[in-house]
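Per-entry structural report
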Amino acid sequence: MADEEEHAASTHACGCRHKDTERSLEFQEDLKKRLNRAIGQLNGVKNMIDDNRYCGDVLMQLAAAEAAVRRVSELVLHDHLETCVVEQVKAGNTDVLDEVMDLIRTFK
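Description of the structure in this document. Predicted model, so just to flag it, every value in this text is computed and none were measured.

The rules we used
- Residues numbered from 1 in each chain as written.
- Predicted model: local features only at pLDDT ≥ 70, side-chain atom pairs only at ≥ 80, totals over all residues.
- Heavy atoms only, no water.
- Axes fitted to C-alpha atoms, helices over the stretch in contact; angles between N-to-C directions.
- Helix = DSSP H or I, 4+ residues; strand = E, 2+ residues; numbered from the N terminus.
- Parallel < 35°, antiparallel > 145°, perpendicular 65-115°, else oblique.
- Left-handed = near helix turned anticlockwise from the far one by under 90°.
- Nonpolar A, V, L, I, M, F, W, Y, C, P; charged D, E, K, R; others polar.
- Contact = heavy atoms within 4.5 Å.

Where helix H2 (residues 25-50) meets helix H3 (residues 55-90), the closest approach of the two axes is 9 Å, and the angle between their N-to-C directions is 160°. Judged by the angle between their axes, H2 and H3 are roughly antiparallel. In the crossing of H2 with H3, the sense of the turn from one axis to the other is left-handed. Its residues assigned to classes, the contact of H2 with H3 comprises 17 nonpolar, two polar and five charged.

The following block contains the structure:
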């Protein structure tokens, strides 16, 4: 019971929720691989700055990292639409559509 209360408290503190439909292990691994690549690119940018590298080269690496993160966002949004949103609409909760529109505006 203490674990459930601790989980509920941590979920409430960050505002995080859990999906009803599990992400496949393959999808999770793909997302993590992409995120690790972006983290590697950002670490490379930090090293480039420490090494006083040319601004244009730094900016190119930043653009690559940004594109990698944007792709992860697109994949998660697509999954969200196919699972969470569909499930909520089927359950009669059309308010989720407002949330989706806010999310889409966030990534413009």
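The next point concerns the packing of H3 against helix H4 (residues 96-106). As a packed pair, H3 and H4 sit with axes 10 Å apart at the nearest point and diverge in direction by 165°. With respect to H4, the element H3 is oriented roughly antiparallel. The chirality of how H3 crosses H4 is right-handed. Contact with H3, carried on its side by Leu 77, His 80, Leu 81, Val 85, Gln 88 and Val 89, involves Val 96, Leu 97, Glu 99, Val 100, Leu 103 and Ile 104 of H4 and no other residues of that element.

Keep in mind that these numbers describe shape and distance, not what the molecule does.
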